[in-house]
Amino acid sequence: MSDHKASQVLHVKGRVLVGPEDVRDELWVADGRISYGRPPGADEAVTVTGWALPGLVDAHCHVGLDHHGAVDAATSERQALADREAGALLLRDAGSPADTRWIDDREDLPKIIRAGRHIARPRRYTRNYAHEIEPDELVAYVAREARRGDGWVKLVGDWIDREVGDLTACWPREEVAAAIAEAHRLGARVTAHCFAEDSLRDLVEAGIDCIEHATGLTEGTIPLFAERGVAIVPTLVNIATFPSLADGGEAKFPRWSAHMRRLHERRYDTVRAAYDAGVPVFVGTDAGGVLAHGLVADEVAELVKAGIPAVDALSATAWGARRWLGRPVLEEGAPADLVVYDEDPRADVRVLAAPRRVVLNGRVIG
C-alpha cells in the first residue's frame, strides 16, 4: 500500500510549486504534515525528487455510482483508487446515492467533499440516481441533503422533457430561489447540472454558487456569471460524449439530438468565453456515471485545448481549486497530500498524466 509509514520523515526535493509563481527547493513531511523547516528525524528521511504539486482536485465526480445507480463498496474503492493513482487526492462528489462515508476512515484513499444525492424532477434524470420530487418538495429535500453532505447540494437544473422533445428547465424560479436560500442558511453551497441555455439565468439570479457542464452559456448569461462570481465545472471529457448520445436519440428526439450537437460543437468557444469574462473555471471529469475514474489529466488538457492558459488550467485542478473548496495547498502544517512529476507541469500540462510519486497523508503511495 505504501513505501513508508506516515510517522517517518519524508524529504521532497527539486521544485515545490507552493503556488504558480511560489517555487521552493524542498519541503519536509513529519507526522503526515508539511514543514518547511528541517524536522527531528530528518537524517533518516525518505527522499523524493521532482516537481511537486498539491494533490489534484477532481471537482465533479461520483464515487459510489455507475450507469445503473449505486455500486458496492468494492467498486467504490476501485473508483477512488483510480483517482488516487491519477493524482486526484481531493474529490468533490457531485451526487451519489451510495453511502461512501467509510472512505473517510481510509488514510490511503482520496478525501471526498460530498454533495449528497442528486435532486431531480420525476422522470427527468438518469434512473436510480436522484431523489425525484416535485417543486413543492424542493426546499425540504435541499435542507435534507445540506445536512447530509459536506457543504454542497446538487440539483438537476435541466434534462430532456419527453413531451417537448428537448432539454427544458426543471424548476420554477420561485421554488429554486427558496431552496438555495435554505441551503445557504444551513451553510451549504448549491450547484446544478445544466446542459442547456434556459435554466441558467433563473438559477444564477436565485443565488446558485456553481453550474456543472454549463454548455448552454451564451453572450447574454456569461456576464451575469462573472458579475455574481458563479463558478463553472465544464467536464469537457464528458461533453465529448454528446455526439454519440445525439446519435442514439436521433430517431425518437431529433430536436434534442440537434441541440446536443450544437452544444458540443461550440464547447471550447463557450469555455474560453467564460474564462475571458472572468468566470471561475474548475476541473471536473464527471467520472462514475459512464466515464471511468482517473481522467483528471485529460480534463486539464481539454481546458488548455479550449484556450485557457496552461498555468490557469493547472490552477483549476490545484491551487485555485483547493482554495475554492476551502482546502489547503502546500502550506506549513497542512496535510501532506501532493503529487510529484518528472517535469514542470506549468510548461506542459500533459506531464500530469504520468505522476512519478503520489503522497497522501504523508505516505508515499505505490
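Residues numbered from 1 in each chain as written. Predicted model: local features only at pLDDT ≥ 70, side-chain atom pairs only at ≥ 80, totals over all residues. Heavy atoms only, no water.

Colleague: Outline the nonpolar core, listing residues and values.
Modeller: Among the nonpolar cores identified, the biggest contains 90 residues, and L53, L138, L155, I208, I211, F225 and L303 are the most heavily contacted of them. If we ignore the near neighbours within four places in the chain, the residues touching I208 are I180, V190, T191, A192, L203 and V230. Grouped together as the second largest cluster of nonpolar side chains are 16 residues, V12, A52, A334 and V359 included. (Core = buried A, V, L, I, M, F, W, Y, C linked by side-chain atoms within 4.5 Å. Buried < 20%, exposed > 50% of the residue type's maximum accessible area, 1.4 Å probe, protein only. Contact = heavy atoms within 4.5 Å.)

Colleague: Account for the pairing of strand β13 (residues 158-161), with residues named and values stated.
Modeller: One ladder, built from four bridges, connects β13 with strand β14 (residues 166-169); its direction is antiparallel. Within the sheet, the bridge partner assigned to D161 lies in β14 and is D166. The loop that links β13 with its antiparallel partner β14 comprises four residues; one of these, G165, has a positive phi angle of about 85 degrees. (Pairing = 2+ DSSP bridges. Helix = DSSP H or I, 4+ residues; strand = E, 2+ residues; numbered from the N terminus.)

Colleague: Describe the packing of helix α2 (residues 138-148) against helix α3 (residues 173-185), listing the residues and the values that go with them.
Modeller: Their axes nearest at 8 Å, the elements α2 and α3 cross at an angle of 25 degrees. As judged from the angle between their axes, α2 and α3 are roughly parallel. Considering the relative orientation of α2 and α3, their crossing is right-handed. On α3, the residues that touch L138, V139, V142, A143 and R147 of α2 are E175, V176, A178, A179, E182, A183 and R185. Residues that form the contact of α2 with α3 fall into these classes: eight nonpolar, no polar and four charged. (Axes fitted to C-alpha atoms, helices over the stretch in contact; angles between N-to-C directions. Parallel < 35°, antiparallel > 145°, perpendicular 65-115°, else oblique. Left-handed = near helix turned anticlockwise from the far one by under 90°. Nonpolar A, V, L, I, M, F, W, Y, C, P; charged D, E, K, R; others polar.)

Colleague: With reference to specific residues and values, describe the pairing of strand β4 (residues 46-54).
Modeller: Where strand β1 (residues 10-17) and β4 come together, seven bridges link them in parallel fashion. Counted as the bridge partner of H11 is T47 from β4. Pairing of β4 with strand β18 (residues 338-341), which is carried by four bridges, proceeds in the antiparallel orientation. Residue pairing for β18: W51 is matched across the bridge by Y341.

Colleague: Could you give an account of the environment of V153, naming the residues involved and the relevant values?
Modeller: Note that V153 resides in strand β12 (residues 152-156). Sequence-wise, V153 and E299 are 146 residues apart; in three dimensions their C-alpha atoms are separated by 23 Å. Dropping the residues within four chain positions of it, V153 is found in contact with A115, I119, V142, E145, A146, A188, R189, V190 and T191.

Colleague: Tell me about α2, residues and numbers included.
Modeller: Along α2, the residues that are buried comprise L138, V142, A143, E145 and A146. Each element contacted by the buried residues of α2 is listed here: β10 (119-120), β11 (131-132), β12 and α3.

Colleague: Would you mind going over helix α9 (residues 267-277) in detail, with residue names and values included?
Modeller: Since the α-helix packs 3.6 residues into each turn, any two residues three or four apart lie on the same face. Residues of α9 that are buried: R267, Y268, T270, V271 and A274. One side of α9 holds all its buried residues, which, seen down the axis, span an arc of 165 degrees. Remark: G278 follows α9 within two positions and exhibits a positive phi of approximately 95 degrees. (Arc of directions from axis to C-beta.)

Colleague: Help me get a handle on the sheet that holds strand β8 (residues 88-93), residues and values and all.
Modeller: Read from one edge of the open sheet, three strands run β5-β8-β9, paired in parallel fashion. The outermost strands of the open sheet, each flanked by one partner alone, are β5 (56-61) and β9 (111-114). Along the sheet, successive strands turn relative to each other by an average axial angle of 20 degrees, direction set aside. As judged from the four bridges shared by β5 and β8, these two strands associate in the parallel manner. Bridged to D58 within β8 is L91.

Colleague: Residues and numbers for the pattern of salt bridges, please.
Modeller: Think of it this way: side chains of opposite charge can pair up when their charged atoms draw near. In this structure the tally under the stated criterion is 28 salt bridges. The partner of R24 in a salt bridge is D22, with the nearest N and O atoms 3.2 Å apart. Looking at R24, the relative accessible area reads 33%, which means it is partly exposed. The structure contains a network of salt bridges with shared partners spanning R101, D104, R114 and D150. (Salt bridge = Lys/Arg side-chain N within 4 Å of Asp/Glu carboxyl O.)

Colleague: An account of the sheet that holds β4 is requested, with residue identities and associated values reported.
Modeller: Pairing between the strands of a sheet comes from backbone hydrogen bonds, and it takes one of two forms, parallel or antiparallel. Pairing in this open sheet of seven strands is mixed, and the strands run β3-β2-β1-β4-β18-β19-β20 from one edge to the other. One side of each edge strand has no neighbouring strand; the edge strands of this open sheet are β3 (33-35) and β20 (363-365). Sheet twist, expressed as the average angle between the axes of neighbouring strands with direction ignored, equals 40 degrees.

Colleague: Explain the side chain of S315 to me, and be specific about the residues and the numbers.
Modeller: Within the element layout of this structure, S315 appears in helix α11 (residues 310-315). Residue classification places S315 among the buried positions, given a relative accessible area of 16%. Apart from residues no more than four positions distant in its own chain, S315 is found in contact with G320 and A321.

Colleague: Got a sec to walk through unusual backbone geometry? Specific residues and values, please.
Modeller: Phi angles above zero are rare outside glycine, and N128 is one such case at about 75 degrees. Structurally, N128 can be placed in the loop between β10 and β11. Its identity as a non-glycine residue notwithstanding, A214 has a phi of 60 degrees, on the positive side. Turning to its location among the elements, A214 is positioned in the loop between β16 (210-213) and α5 (222-228).

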